[in-house]
Amino acid sequence: MLKPFIAANWKMNKTVGETEEFIQSFIPMIEGITDADILIAPPYTSLGAAFRLLQTTNIKLAGQNVHYEEKGAFTGEISPAMLLAEGCSDVIIGHSERRQYFSETDEIVNKKVKTARKNSLEVILCIGESLQEREGDKTFEVLDRQLTGSLKDMQMAGISIAYEPIWAIGTGKTATPGQANEAHAFIRGWLKKNKDGAERVRILYGGSVTPENIEILMAQPEVNGALVGGASLKPDSFAKIVKGSI
Ligand code: PGA
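All of these numbers come straight from a predicted model, not from anything done at the bench.

**Q** Before we move on, can you summarise the overall build of the protein chain with the specific residues and values?
**A** For the protein chain, the count of helices and strands is 10 helices and 8 strands. Relative to the 2.2 N^0.38 estimate, which gives 18 Å for 246 residues, the radius of gyration of the protein chain is 17 Å and therefore close to what a compact globule would have. Seen through its principal axes, the protein chain has C-alpha atoms that stretch 45 × 45 × 30 Å. Looking at the protein chain residue by residue over its 246 residues, the buried ones come to 54%.

**Q** Lay out empty space enclosed by the protein with the relevant residues and their values.
**A** Inspection of every chain in the model, using the stated rule, returns 1 cavity of 30 Å³ or more. Taken as a whole, the largest cavity holds about 40 Å³ of empty space. What lines the largest cavity is Gly94, Ser96, Arg99, Cys126, Ile127, Gly128, Gln146, Glu164 and Ile166. Looking at the lining of the largest cavity residue by residue, the classes come out as 3 nonpolar, 4 polar and 2 charged.

**Q** A description of the sheet that holds strand β2 (residues 37-41) should follow, citing residues and the corresponding values.
**A** Backbone hydrogen bonds hold the strands of a sheet together, and the pairing may be parallel or antiparallel. Strand order around the closed barrel formed by 8 strands is β1-β2-β3-β4-β5-β6-β7-β8, with parallel pairing between neighbours. Looking at each pair of strands side by side, their axes are set apart by 25° on average, direction ignored. Judged from the 2 bridges that link them, strand β3 (residues 60-63) and strand β4 (residues 90-93) form a sheet pairing that is parallel. Counterpart to Ala62 in the pairing with β4 is Asp90. Sitting on the sheet, helix α8 (residues 177-194) touches β5 (122-127), β6 (159-163) and β7 (203-206), and the angle it makes with β7 is about 150°.

So, how was this worked out
- Per-chain numbering applies: the sequence of each chain, read as written, is numbered from 1 onward.
- The model is predicted, so local features are restricted to residues of pLDDT at least 70 and side-chain atom pairs to those at 80 or more, both for listing and for counting; the totals for chains, interfaces and linings are taken over all residues.
- Values shown for side chains rest on all heavy atoms present in the structure; no hydrogens or waters enter the calculation.
- Numbering of helices and strands starts at the N terminus; helices are DSSP runs of H or I of at least 4 residues and strands are runs of E of at least 2.
- The globule rule used here is 2.2 Å times the number of residues to the 0.38 power, and the radius of gyration it is set against is calculated over C-alpha atoms.
- Relative accessibility under 20% of the residue-type maximum defines a buried residue, over 50% an exposed one, and the middle range a partly exposed one, all with a 1.4 Å probe and only protein chains included.
- We place a 1 Å grid over just the protein atoms. Points where a 1.4 Å probe fits but has no way out form a cavity, open points with protein on both sides within 12 Å along at least 5 of 7 lines form a pocket, and any residue with an atom within 4 Å of a point lines it.
- Grid points are joined across faces, edges and corners, and a volume is the space filled by probe spheres set on the points.
- Residues are grouped as follows: nonpolar covers Ala, Val, Leu, Ile, Met, Phe, Trp, Tyr, Cys and Pro; charged covers Asp, Glu, Lys and Arg; every other residue, Gly included, is treated as polar.
- Paired strands, as defined in this entry, are two strands with at least two bridges between them according to DSSP.
- Structural elements are reduced to axes, namely lines fitted to C-alpha atoms, with helices fitted over the stretch in contact, and the angle between N-to-C directions of any two is expressed from 0 to 180 degrees.
- We call two residues in contact when some of their heavy atoms are within 4.5 Å.

Shown next as structure tokens:
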């Protein structure tokens, strides 16, 4: 069995002070837990403060996005070296909100994955279909296209996949455990067919994960972890999700 991987995606939430408050309460809640990998992706502005509190723990720190160039005239963007310097080991790439609101295509996502890996950042690559695509029976077609485009010329070492059906993100509408497992099994099959080391890749589910549904989701054979938005903003709720994943 792959070690569960539970990641918090805070999106555009929490100031530095709120980040410190969260982490100070969260650390004692998960003390002694070694059977799950835990990661927090705060906003860029909180990375430094988060790292200072997390560096003596085994909680990983991640950026929510990264640019595909190493440096230069890209106002408002952040490079892999900047994330590394702030203490990040990981980065989330291709989140549906980036794809939807910031026009990130599979080609851009692929460039980001390449630059991140070249700089030794581990990657959580997000993919997932919209409601319209699911209802039009296009889920597997969309996943195939996103995997093919985003992972072009890449090997899987240092990359996890987050399957996040867009219709389940922030809506309170979770995919059923069966729907999640079916999509994860498709992703695993795709990886086996196209990449080496497919059985070692952790596939996380994301979309309205809560302390109430984590156990049933993790009971699915192909679900190896979770990418959690809303329910990761409160220390006790995120700690319950971590505990429920083991
Ligand atoms: P949610 O977000 O848990 O609030 O649905 C998940 C995500 O977007 O990663």
